[in-house]
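Architecture at a glance
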Amino acid sequence: EAQVTQNPRYLITVTGKKLTVTCSQNMNHEYMSWYRQDPGLGLRQIYYSMNVEVTDKGDVPEGYKVSRKEKRNFPLILESPSPNQTSLYFCACSPRGSLGGANYGYTFGSGTRLTVV
Amino acid sequence: AQSVAQPEDQVNVAEGNPLTVKCTYSVSGNPYLFWYVQYPNRGLQFLLKYITGDNLVKGSYGFEAEFNKSQTSFHLKKPSALVSDSALYFCAVRDPNSGNTPLVFGKGTRLSVIA
């Protein structure tokens, strides 16, 4: 079954304690992305990756890091989490396709609800 | 820059009645448009997309959307709403001429179908 797997689903942590949210896809898709969802703000892109070893900032990259060492994995790293990073996080992927993937939709993971106290 | 607006935070409709969830967009060229649905405690699920061709696009769960270029709109519709359609709906747009830009999402519209 084609899927995007995020772990953990829920996480409560303290300010300043480094954490990693993992994302793995089994569809061999080139494009992967991280979004955060906040009430009244919709989904905002944090980082994205067009392929292995290629990453770019989205709209709200501050306080986050990513890496893309393998095609299937795209972890989100919070080096020093702060309460304003309390949010619902989604990983997504799509194929590139002949039009650069523009005509494809995304497949989303089930989300990670992060609370930073 | 591309953008999308969902003017209604909340839409309430009685079961069996037709529903419309509105979306307008702004891109420099011809848009690629998408609708996603999010059920409680779940990720976003793809409903339908408009890339080219017929302005009326049919998708999953009986939903359809109409692309209107003159009004720059892509409203989501369903002839007869079900209670199980209650969810959060997101419209998204991408400008295919702007390189590797990602999908840009609206803020979402919460649909509540009342029995």
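Criteria and cut-off values
Residues numbered from 1 in each chain as written. Chains lettered and ligands numbered in written order. Predicted model: local features only at pLDDT ≥ 70, side-chain atom pairs only at ≥ 80, totals over all residues. Heavy atoms only, no water. Helix = DSSP H or I, 4+ residues; strand = E, 2+ residues; numbered from the N terminus. Buried < 20%, exposed > 50% of the residue type's maximum accessible area, 1.4 Å probe, protein only. Contact = heavy atoms within 4.5 Å. Areas by Shrake-Rupley, 256 points an atom, 1.4 Å probe, with all protein chains shown as cover. Lys, Arg positive; Asp, Glu negative; His and termini not counted. Charge placed at Lys NZ, Arg CZ, Asp CG, Glu CD. Disulfide = S-S within 2.5 Å. Core = buried A, V, L, I, M, F, W, Y, C linked by side-chain atoms within 4.5 Å. Pairing = 2+ DSSP bridges.

Within chain A one finds zero helices and 11 strands. Taken from the N to the C terminus, the helices and strands of chain A come in the order β-β-β-β-β-β-β-β-β-β-β. Principal-axis analysis of the C-alpha atoms places the extent of chain A at approximately 45 × 30 × 25 Å. Here chain A, with 117 residues, has 51% of them falling under the buried criterion. Considering only contacts within chain A whose residues lie at least 6 apart along the sequence, 54% involve residues at least 24 apart. Counting only carbon and sulfur atoms, one obtains 49% of the accessible surface of chain A, whose full area is about 5,400 Å². One way to put it: in chain A the 13 positive side-chain charges average out to a point 4 Å from where the 9 negative ones average out.

Inspection of the secondary structure assignment puts Q37 of chain A in strand β4 (residues 31–38). Those residues in contact with Q37 of chain A that lie beyond four places of it in its chain are G42, L43, S87, L88 and F90 of chain A together with Q38, L88 and F90 of chain B.

Turning to the state of the cysteines, a few remarks are in order. If you walk through the whole model with that rule in mind, you get two disulfides over all chains. Sulfur-sulfur distance for the disulfide between C23 of chain A and C91 of chain A comes to 1.9 Å. Negative torsions about the S-S bond denote left-handed disulfides, and the value of about -75° found for C23 of chain A with C91 of chain A makes this one left-handed. A residue pair is termed long-range when its members are at least 10 positions apart, and C23 of chain A in strand β3 (residues 19–25) and C91 of chain A in strand β9 (residues 87–94) qualify at 68 residues. The exposure class of C23 of chain A is buried, given its relative accessible area of 3%. We classify C91 of chain A as buried; its relative accessible area is 0%. Paired through a disulfide, C23 of chain B and C91 of chain B show a sulfur-sulfur distance of 2.0 Å. Negative torsions about the S-S bond denote left-handed disulfides, and the value of about -65° found for C23 of chain B with C91 of chain B makes this one left-handed. You can see C23 of chain B sitting in the loop between β3 (19–21) and β4 (24–26) and its partner C91 of chain B sitting in strand β10 (residues 87–94), a full 68 residues away along the chain. You'll find C23 of chain B and C91 of chain B in the same group, each marked buried. Here C93 of chain A stays unpaired: no disulfide links it, and the sulfur of C91 of chain A, its closest cysteine neighbor, is 6.8 Å away.

Looking at soluble globular proteins, one finds that nonpolar side chains tend to be buried together. Counting residues in each nonpolar core, the largest one holds 28 residues, and the members touching the most others are W35, L47, L48, F74, L76 and Y89 of chain B. When contributions to this core are tallied by element, the ones reaching two or more residues are β2 (10–14), β3, β5 (32–38), β6 (44–50), β8 (64–68), β9 (73–78), β10 and β12 (109–114) of chain B. In this view, F74 of chain B contacts C23, L33, F34, W35, L48, K49, Y50, A65, E66 and F67 of chain B; residues no more than four positions away in its chain are not counted. Listed in part, the 20 residues of the second largest apolar core include V4, W34, I46 and Y89 of chain A.

Next up on the list: the pairing of β6 of chain B. A regular strand carries its side chains on alternate faces of the sheet. Residues and elements named next belong to chain B. Bridge count for β5 against β6 is six bridges, and the pairing is antiparallel. From the neighbouring strand, Q38 faces β6, where its bridge partner is L44. Where β5 folds back onto β6 in an antiparallel hairpin, the turn is made up of five residues, including N41, whose phi is positive at roughly 60°.

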